[in-house]
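# Reading the structure
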Amino acid sequence: MAENRKKKNQQKLPWWLMPVLLLAVLAIWFGGEALGRGFQWLSDSQTSESSTTAQKVPADETLTVRILDVGQGDSILLACGDETMLIDGGPVEEGQFLVSRLNRLDVTELTYVVNTHPDEDHCGGLAAVLAKYPAEHVYSSVTEYTTKVFSNVVKYTEEQGKQIEVPQTGTHWSLGSATVTVIGPVQEYSDPNNGSLVLRVDYGGTSFLFTGDMEQKAEGDLLESGADVHADVLKAGHHGSPTSSSEAFLTAVQPSVAVISVGADNDYGHPGADVLARLEALNAEIYRTDTQGEIIIVSIAQSASMPEVIDLLIGQSAIPQQPRTGGREGRAVRRQPQFHDRPQRKLRQAPRRGEPHLLQFRRRSGGIRLQKAHVHQITALCAAKQLS
């Protein structure tokens, strides 16, 4: 009797239900596999994108920053990958030397030319540069100014079919794998010094800050704006003048290296003793063009051959120092803004390349002394990159 009931209950199961269940199982199996593949693809995509974002600096690339020796003025050449950027051009009489130096460095064109502000000791040599080298972008803090010197910069820019651009604060662009960001000025100023374009350059884990002739008023405003001014390398503002480089600003920057572009025995007494004291109090290493000539800073990416990861290689160009003094008392000769090349400028023509004098090695891991083998590798790198 019980067996008959069991058979009746089994017979109540519809005959067509088994195929439906089988199809459902197959759908779940293949659908889940496809869904799993979908999640796997999404995960791989996100991982790939994350890896690409993290790998900002190719192992075979370097960022080279040259603080050129243009006397009492500023001129800085940056090169990364296939791109170059020239920040300022020194005074007018350094124009031909600047062209000669770029030629010796095999520069054929400039990706960016930046004039931080229209003072003659920053824009004077740019007219000669723009007359010789094509530039993709020409930036400045202004588009017009009252001097003939700046008018020449505008003239040669326009002859290239370009217009001077005034970048807004927050504007950024790439220089190879480096990123250049305009972080100042944050206000409008009547004084062109305070109106200087302030550039931050980030490359891997290394940062540079170029402040033009920004003085303490603009420094304070920049700090109040919340801008990120912390940097490994600082180009000291206004040639080390005490009107710049306030204690509050330098404390916020916390530079490991400070470079001062200044003329020997200049009439202004730059750099100021108090500025040097503030930098020394922060344990910043100070380099000066008036005593060491052209300064070369190379940021090197990590590679298998250099597992120690040298962030900054600082050296001095092989260019011989030439006397820049004259007169009975040996005072600095005040140069007049002339476009022609004066006779003594022949002494300043860029010489043949030679091995640069390496001043220092810096490591992010905290000052452990490099092994001799690594020093040899760096020297070989300098020769290969022709850093002189």
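Preceding this paragraph is the structure being described.
None of these values were measured; they are calculated from a predicted model.

## Details of the overall build of the chain
- On a plain count of helices and strands, the chain comes out with 11 helices and 15 strands.
- Within the chain, the proportion of its 388 residues that are buried is 47%.
- Considering only contacts within the chain whose residues lie at least 6 apart along the sequence, 68% involve residues at least 24 apart.

## Quick look at the environment of P58
- Within the element layout of this structure, P58 appears in the loop between α2 (17-54) and β1 (62-67).
- Each C-alpha atom of the pair P58 and G81 lies 9.4 Å from the other, and the pair is 23 residues apart in sequence.

## Some words on helix α7 (residues 216-224)
- Regarding α7, the residues found buried are A218, E219, D221 and L222. All buried residues of α7 project into a common sector of 165° when viewed along the axis, lining one side.
- Residues of α7 that are buried make contact with β7 (178-184), β8 (198-203) and α8 (247-253).
- The positive-phi residue at the C-terminal boundary of α7 is G226, with phi of around 85°.

## Side note on the side chain of E219
- With respect to the element layout, E219 can be found in helix α7.
- Buried and unpaired, E219 has no salt bridge, with R278 as the nearest side chain of opposite charge at 6.9 Å.
- Setting aside chain neighbours within four positions, we find E219 in contact with M214, S244, S245, S246 and F249.

## Looking at the pairing of strand β12 (residues 285-288)
- With four bridges connecting them, strand β11 (residues 257-260) and β12 associate as parallel partners. Note that in β12 the partner of A258 across the bridge is I286.
- As for the winding sense of the linkage, the β-α-β connection from β11 through helix α9 (residues 273-281) to β12 is right-handed.

## Remarks on the environment of D232
- Here D232 shows up in the loop between α7 and β10 (233-235).
- Sequence spacing of D232 and F208 is 24 residues, and the spatial spacing of their C-alpha atoms is 6.0 Å.
- Only 2.9 Å separates the side chain of D232 from the backbone nitrogen of S207, close enough to count as a polar contact.

## Looking at helix α3 (residues 95-104)
- Along α3, seven of the 10 residues are buried, which leaves the element largely enclosed by surrounding structure.
- Taken together, the buried positions of α3 are occupied by G95, F97, L98, V99, S100, R101 and L102.
- Those residues of α3 hidden inside the fold are in contact with β1, β2 (76-80), β3 (83-87) and α5 (126-132).
- Following α3 by one or two positions, D106 has its phi on the positive side, about 65°.

## A word on the pattern of salt bridges
- Within this structure, the stated rule accounts for eight salt bridges.
- Notably, a salt bridge pairs D228 with R200, separated by 3.5 Å at the nearest N-O pair. In this pair, D228 is assigned in the loop between α7 and β10 and R200 in strand β8, connecting sequence segments 28 residues apart.
- For D228, a relative accessible area of 46% translates into the label partly exposed.
- Classification of R200 by relative accessible area gives buried; the value is 9%.
- A salt bridge links R278 to D274; its shortest N-O distance comes to 3.5 Å. With R278 and D274 both in helix α9 and four residues apart, this pair spans about one turn of that helix.
- Taking the relative accessible area as the measure of exposure, D274 reaches 35% and is therefore partly exposed.
- Linked through salt bridges whose partners overlap, the residues forming this network are R66, R101 and E294.

Rules and cut-offs
- Counting restarts for each chain, with residues numbered from 1 along the sequence as it is written.
- In view of the model being predicted, local features appear only for residues whose pLDDT reaches at least 70, and side-chain atom pairs are presented and counted only at 80 or more, with totals across whole chains, interfaces and linings using the full set of residues.
- To get the side-chain values, take all heavy atoms of the structure and skip hydrogens and water.
- Helix numbering and strand numbering both begin at the N terminus, where a helix is a DSSP run of H or I of at least 4 residues and a strand a DSSP run of E of at least 2.
- Classification of residues uses two cut-offs on accessible area relative to the type maximum, computed with a 1.4 Å probe and protein chains only: under 20% is buried, over 50% is exposed, and between them is partly exposed.
- Residue contacts are counted whenever heavy atoms from the two residues lie within 4.5 Å of one another.
- Taking the helix axis as origin, the arc is that swept by the directions to the C-beta atoms.
- Neither His nor the chain termini are counted; the positive set is Lys and Arg, and the negative set is Asp and Glu.
- Should a side-chain nitrogen of Lys or Arg be within 4 Å of a carboxyl oxygen of Asp or Glu, the pair is scored as a salt bridge.
- When DSSP finds two or more bridges between two strands, those strands count as paired.
- Throughout, right-handed denotes a crossover for which the path from the first strand over the helix to the second runs clockwise when the strands point away from the viewer.
- Side-chain atoms alone can form a polar contact between residues adjacent in sequence; in general such a contact is a pair of N or O atoms within 3.5 Å, and within protein one must be able to donate a hydrogen while the other accepts it.

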